[in-house]
Amino acid sequence: MQFSVLTIFPEMFPSFWEHGIVRRAIAQEKIQASARNIRDFASGKHRVTDDRPYGGGAGMVMKPEPLAGALREAKREIPFAETILLTPQGRIFNQKMAKQLASLQGLILICGRYEGVDERIFDDFVDFEVSLGDYVLTGGELGAMAIIEVVTRLIPGVLGGVDSAESDSFSDGLLEHAQYTRPREFEGEGVPEVLFSGNHKEIAKWRFETALIRTFLKRKDLLENRNLKSRELDTLKKWHREIGKIISAQSRGL
Ligand code: 4GY
């Protein structure tokens, strides 16, 4: 996969390329990544990339010509790439979208700045708009980094077997189970006994149940929008019965 970022702040990227999973993926030649300066395609002595909005008003608009120039160059380099514009107006990015992007040959990420990008860029130059979430950044750069990282760790062979993307939260739509490491006692709190049992079947069952209950407590929406597996439904029913018993015992006592 080849990533090409178009930005007026390319200096934000080298340290990103040089750390963690992205660095590893570059070293393994699973991805290639570069940031191109939109300003290099701006004309005039001052290489201006923004201008005042037609119709007046506060703020500046990203000029279309430098962006178009940068995009032409990026597309020449990666002819099969899809082009994404990072903007709060896009579809909200998630793991499912990341899986789809991971199958592409190339991705060109346009980082908007100022108040926005000249509208005429959209039709001919942008395949789709993506948002990191419902808030306003000062530019798309952090969004581009997030997308590159999330997509990169889904490319086969980038993560090792043990920390494979398959066992992640969200890869199967539930939150991760609870995790513990040493010390065995921390500030008076212990670790669930089952984790010392050596019984792998029991441990797997406990992990499944803690994943499910955390998802219920912290992110009910994930369960509401999910096609529950029969095992998940059975576990929820079991808890429902047990909670029902506690409630009716209490009501009888009243
Ligand atoms: N949210 N998701 C976002 C953003 C900054 C004005 C267009 C977001 O992805 N990018 O807030 N970007 C804006 C600033 C121009 C981009």
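Owing to the predicted nature of the structure, the values given are computational and were not obtained by experimental measurement.

Asks: I tried to follow the environment of serine 34 on my own but got confused; where do I start?
Replies: Within the secondary structure, serine 34 sits in strand 2 (residues 32-37). Judged by relative accessible area, serine 34 falls into the partly exposed class, the value being 30%. When sequence neighbours within four positions are dropped, the list of residues in contact with serine 34 reads Phe3, Ser4, Val5 and Trp17.

Asks: What am I meant to see in the pairing of strand 6 (residues 106-111) here?
Replies: Regular strands place their side chains on alternate faces of the sheet. With six of six residues buried, strand 6 lies mostly within the body of the structure. Burial along strand 6 is two-sided: Gly106, Ile108 and Ile110 and Leu107, Leu109 and Cys111, pointing in opposite directions, are all buried. In terms of strand pairing, strand 1 (residues 2-7) meets strand 6 through five bridges, oriented parallel. By the bridge assignment for strand 6, phenylalanine 3 is matched with leucine 107. Running through helix 4 (residues 95-101), the crossover from strand 5 (residues 82-92) to the neighbouring parallel element strand 6 is right-handed.

Asks: I would appreciate a short explanation of the environment of leucine 175 in the present structure.
Replies: Within the element layout of this structure, leucine 175 appears in the loop between helix 6 (141-152) and helix 7 (200-218). A relative accessible area of 16% means that leucine 175 is categorised as buried. Along the primary structure leucine 175 and phenylalanine 208 are separated by 33 residues, whereas in three dimensions their C-alpha atoms are 9.9 Å apart.

Asks: Is there a simple way to think about the site of the ligand in this case?
Replies: Around the ligand, the surrounding shell holds 15 residues, and the nearest of these are Tyr114, Leu132, Gly133, Tyr135 and Leu137. Between a nitrogen atom of the ligand and a main-chain N or O atom of glycine 133, the distance comes to 3.3 Å. Protein contacts shield 94% of the accessible area of the ligand, which totals 390 Å² for the unbound molecule. Elements supplying a minimum of two residues to the shell around the ligand: strand 5 and strand 7 (128-131). The element that contributes the greatest number of residues to the shell around the ligand is strand 5, accounting for three residues.

Asks: How should I be thinking about the pairing of strand 5 in this particular structure?
Replies: Inspection of the sheet shows strand 5 paired to strand 6 by five bridges, in the parallel sense. Note on strand 6: the bridge partner recorded for leucine 85 is isoleucine 110. The pairing of strand 5 with strand 7 spans five bridges and is classified as parallel. Its bridge partner being in strand 7, arginine 91 is matched across the sheet by valine 130.

Conventions we followed
Residues numbered from 1 in each chain as written. Predicted model: local features only at pLDDT ≥ 70, side-chain atom pairs only at ≥ 80, totals over all residues. Heavy atoms only, no water. Helix = DSSP H or I, 4+ residues; strand = E, 2+ residues; numbered from the N terminus. Buried < 20%, exposed > 50% of the residue type's maximum accessible area, 1.4 Å probe, protein only. Contact = heavy atoms within 4.5 Å. Pairing = 2+ DSSP bridges. Right-handed = clockwise from strand over helix to strand, strands pointing away. Near = heavy atom within 4 Å. Polar contact = N/O pair within 3.5 Å; in protein donor to acceptor, adjacent residues only side chain to side chain. Areas by Shrake-Rupley, 256 points an atom, 1.4 Å probe, with all protein chains shown as cover.

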